[in-house]
Amino acid sequence: MKVISFLALMIISAQIFSQDISKFIHVDQFGYMTNAEKVAVLSNPIQGYNSYLEYQPSGEIQLRNADDDSVVFTGSLQAWYNGDMHEDSGDQGWWFDFSSVTADGSYYVYDPVNEERSATFEIKAKPYQDILKAAGRMFYYNRCGTDKPAQFAGDKWADGMNFMQDANARFIYDQQNVNLEKEMTGGWFDAGDYNKYVSYTHQVLHDLLLAYEEYPEVFGDDWNIPESGNGLPDVIDEIKWEIDWLIKMVNDDGSVHNKLGARNYAENVSTPPSLNNDTRYYGPTCTSASISVASVFSHAYLTLSQFPQLESYADNLLTIAESCYDYTLTAYESGTLELDCDDGSIVSGDADLDYDTQVNRLIIASSYLWAATGEDAYKNFFEANYTSTEQINTGFWGPYLMPLNEALLFYTVQNGADQTVSENIRNSFTNEVVNNWNGYFGWVDWGLYRSYVPWWSYTWGSCNQHSEYGNINLMANKYNIGNDPANMQRKAAEQIHYFHGVNPQGIVYLSNMYDYGAERSCNEIYHTWFADGSIYDHALDSPNGPAPGFLVGGPNQNYSNGNYS
């Protein structure tokens, strides 16, 4: 699935600004934890689409109580880099620190001279609980092969049964052969279309599994999805929904079909999803699909086996993981990994993986399978091949290969891990963290909007990169790498504020979050369900708008398909 890092990948298509909320004062629109650092960013556009605007803040800025407009704190501004322009955004800016305010309540930042006010936000112990649920419920809205009654989806996004034709999916290369029909219902829609891809779901499932493993206390059984109240955390229910579909894509010999969808752009493009009735087709088996399943299922076994009601289910995942691993390993050893398996007969995404990526996923699977089974064959493969990874070969540990980052470090904490191998892995990561050549380990003041990432990260899916920069800092803390864990935590916190409004656009990078406290949110997203001109098109200008909680792709310096402002 191309969307979602902890949670998705799509593009921002438009923003509509509220007239009474300042375009120049950027805050986390949902709020700040009681004792957390709290810094608003004030900006003056110099270059870019909004350079026609101008703002010079007053000498003293206020924090006001939103209930009665009383001033609770007054402070001066800190000019970012002595008034220099921030190259990535084209803005000049200032920081307003109100961290000393810790009383629970609703607040806004106010410039009394220019009469500019920020969005209203909360200060309280747990300001993001409902936001996490909304982001998690995005997966429910993206479910394929089920109805979405108003009880769970809300009146605006309720829909009938959809894509039950997947129960009779046809083989794309023999479309009239009913004997090759397969039952392939379920799973999640892709980021922007109704197709379902095996290899794309790899990162999102690993990320969701890790999120639960590391912070189980924040995931409740109360997301208001059909499984809520069944005794399992709802994030586990969503993971299982996708895995149930992946199981249907697997054959007995460990081969896996690469994707399921439409054969052209004219089929299955109606909104809402229940209106689509065109036949759907499954693609060929590809080693990229097999190794993706082996990688995810071996990890999922370790997590899901912790739940007594899922023990037999997890055992089955482990069996499938080993079968898919063996299938891919045979192709690897014989030099027959399939690199051009997806010919585009099913539109639109190319589900192939290159050679290095397939080997990386073999390494990930071997790490988890060794932990799951204790079998030396998996350990031996890992130790024989880990040096081929970019992390060890070049020393670069970035946001682009996070499941591999985790699998490498996961090996080092297993009983029986080779000491030399473990030291090589940890030393490589430590060298990157401590030297911090690219400035994303720990918090630095290089970015006006306090969530600095290198300029080359602002490409397709930059929000995914932003989230993974936070995650890789938390990963360093998890494995006790580096000498400043508090600064790593600070970095991760500022990445969260970026998504919630502390960014050059001044908008929440989650779709249609007005009912959750956002005052300026992303109004449109690229998704076939929420199509342009439909009742789901725009959060403010359309009757329904898109469903809430979809994390958009973010700014893309290479985007060229239209002129959005």
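So, how was this worked out
Residues numbered from 1 in each chain as written. Predicted model: local features only at pLDDT ≥ 70, side-chain atom pairs only at ≥ 80, totals over all residues. Heavy atoms only, no water. pLDDT = per-residue confidence, 0-100. Contact = heavy atoms within 4.5 Å. Disulfide = S-S within 2.5 Å. Helix = DSSP H or I, 4+ residues; strand = E, 2+ residues; numbered from the N terminus. Buried < 20%, exposed > 50% of the residue type's maximum accessible area, 1.4 Å probe, protein only. Phe/Tyr/Trp six-rings, centres within 6.5 Å; stacked < 30°, edge-to-face > 60°. Expected span 1.5 Å × (residues − 1). Core = buried A, V, L, I, M, F, W, Y, C linked by side-chain atoms within 4.5 Å. Axes fitted to C-alpha atoms, helices over the stretch in contact; angles between N-to-C directions. Parallel < 35°, antiparallel > 145°, perpendicular 65-115°, else oblique. Nonpolar A, V, L, I, M, F, W, Y, C, P; charged D, E, K, R; others polar. Pairing = 2+ DSSP bridges. Salt bridge = Lys/Arg side-chain N within 4 Å of Asp/Glu carboxyl O.

A. Structural view of the confidence of the model for the protein. Looking at the protein as a whole, the pLDDT averages 95, with 96% of positions reaching at least 70. Under a pLDDT of 50 for its full length, residues 1-19 has, in the predicted model, 92 contacts with residues more than four places off or in other chains.

B. Layout of the state of the cysteines. Here the structure, examined in full by the defined rule, presents 1 disulfide. Sulfur-sulfur distance for the disulfide between Cys286 and Cys341 comes to 2.0 Å. Between Cys286 and Cys341 the disulfide shows an S-S torsion of about -80°. By sign, it is left-handed. You can see Cys286 sitting in the loop between strand E15 (281-282) and helix H5 (287-304) and its partner Cys341 sitting in the loop between helix H6 (311-333) and helix H7 (355-373), a full 55 residues away along the chain. Looking at the unpaired Cys144, the closest cysteine sulfur is the one in Cys286, lying at 20 Å. Residue Cys324 stays outside any disulfide, its sulfur separated by 13 Å from that of Cys286, the closest cysteine. For Cys324, a relative accessible area of 0% corresponds to the buried category.

C. Spotlight on the environment of Asp326. Tracing the backbone shows Asp326 in helix H6. Residue classification places Asp326 among the partly exposed residues on the basis of a relative accessible area of 41%.

D. Inspection of the environment of Leu209 at higher detail. Here Leu209 shows up in helix H3 (residues 201-214). Distance in space between the C-alpha atoms of Leu209 and Ile236 is 8.0 Å, their sequence separation being 27 residues. When near neighbours in sequence (up to four residues on either side) are disregarded, Leu209 contacts Ile239, Val296, His299, Ala300 and Thr303.

E. A look at unusual backbone geometry. Here the bond from Thr271 into Pro272 is cis, since omega is 5°, no more than 30 degrees from zero. Along the polypeptide, Pro272 turns up in the loop between strand E14 (259-261) and E15. Following Val347, the chain continues to Ser348 via a peptide bond in cis, the omega torsion being 10°. Inspection of the secondary structure assignment puts Ser348 in the loop between H6 and H7. In this structure, Asn82 is a non-glycine residue whose phi angle is positive, near 55°. Residue placement: Asn82 occurs in the loop between strand E6 (78-79) and strand E7 (85-86). On the accessibility criterion, Asn82 (77% relative accessible area) is exposed. Located in the positive-phi region is Asn480, a residue other than glycine, with phi close to 55°. Relative to the elements of secondary structure, Asn480 occurs in the loop between helix H12 (462-478) and helix H13 (485-499). The exposure class assigned to Asn480 is exposed, which follows from its relative accessible area of 64%.

F. Structural view of the packing of aromatic side chains. One pass over the structure, following the stated rule, counts 43 aromatic pairs. Look at Phe163 and Tyr194: their rings are 5.1 Å apart centre to centre, the planes differ by 55°, and that puts the pair in the tilted class. Note that Phe163 is positioned in the loop between helix H2 (150-153) and strand E12 (170-171) and Tyr194 in the loop between E12 and strand E13 (196-197), a separation of 31 residues in sequence. Classification of Phe163 by relative accessible area gives buried; the value is 1%.

G. Structural view of H12. Taking 1.5 Å of rise per residue, the 17 residues of H12 would be expected to cover 24 Å, and the 24 Å separating its terminal C-alpha atoms lies within 8% of that figure. When you tally the buried positions in H12, you get 14 out of 17 residues, the bulk of the element. Looking one or two residues beyond H12, the residue adopting positive phi is Asn480, at roughly 55°.

H. Summary view of the nonpolar core. Of all hydrophobic cores here, the largest spans 122 residues; its most connected members are Phe297, Tyr325, Ile425 and Phe429. Among the elements that make up this core, the one with the highest residue count is H6 (10 residues). In this view, Tyr325 contacts Ile291, Ala294, Leu362, Ala365, Ser366, Leu369, Tyr378 and Phe381; residues no more than four positions away in its chain are not counted.

I. Region of interest: the packing of helix H10 (residues 402-412) against H12. Two elements in contact, H10 and H12, have axes whose closest approach is 11 Å; the angle formed by their N-to-C orientations is 5°. Taken together, H10 and H12 sit at an angle that is classed as roughly parallel. Contacts between H10 and H12 pair Met402, Asn405, Glu406 and Leu409 from the former with Glu468, Asn471, Ile472, Met475 and Lys478 from the latter. Along the lines of polarity and charge, the residues of the contact of H10 with H12 split into 4 nonpolar, 2 polar and 3 charged.

J. The pairing of strand E5 (residues 71-76), seen in detail. Note that strand E4 (residues 60-65) and E5 share 5 bridges and pair antiparallel. Bridging from a neighbouring strand, Leu63 pairs with Phe73 of E5. Linkage of E4 to E5, two consecutive antiparallel strands, is achieved through a turn of 5 residues, within which Asp69 is found at a positive phi near 65°.

K. Highlighting the pattern of salt bridges. Within the structure shown, the criterion is met by 16 salt bridges. Measuring nitrogen to oxygen at the nearest pair gives 2.9 Å for the salt bridge that ties Lys196 to Asp166. Here Lys196 is found in strand E13, whereas its partner Asp166 is found in the loop between H2 and E12, with 30 residues between them in sequence. On the basis of relative accessibility, which here comes to 1%, the residue Lys196 falls in the buried class. Salt bridges sharing common partners tie together Glu37, Arg450, Arg490 and Glu494.

L. Representation of the side chain of Asn276. Here Asn276 shows up in the loop between E14 and E15. Judged by its relative accessible area of 2%, Asn276 falls in the buried class. Every residue in contact with Asn276, bar those within four places of it in the chain, is listed here: Phe163, Gln165, Tyr194, Asn268, Val269 and Ser270.

M. Representation of the pairing of strand E11 (residues 121-124) in the model. Across the two faces of E11 the burial differs, with Phe121 and Ile123 buried and Glu122 and Lys124 not buried at all. As paired strands, strand E2 (residues 31-33) and E11 are joined by 3 bridges and run parallel to one another. Within the sheet, the bridge partner assigned to Gly31 lies in E11 and is Glu122. Sheet analysis places strand E9 (residues 105-111) next to E11, joined by 3 bridges and oriented antiparallel. Note that in E11 the partner of Gly105 across the bridge is Ile123.

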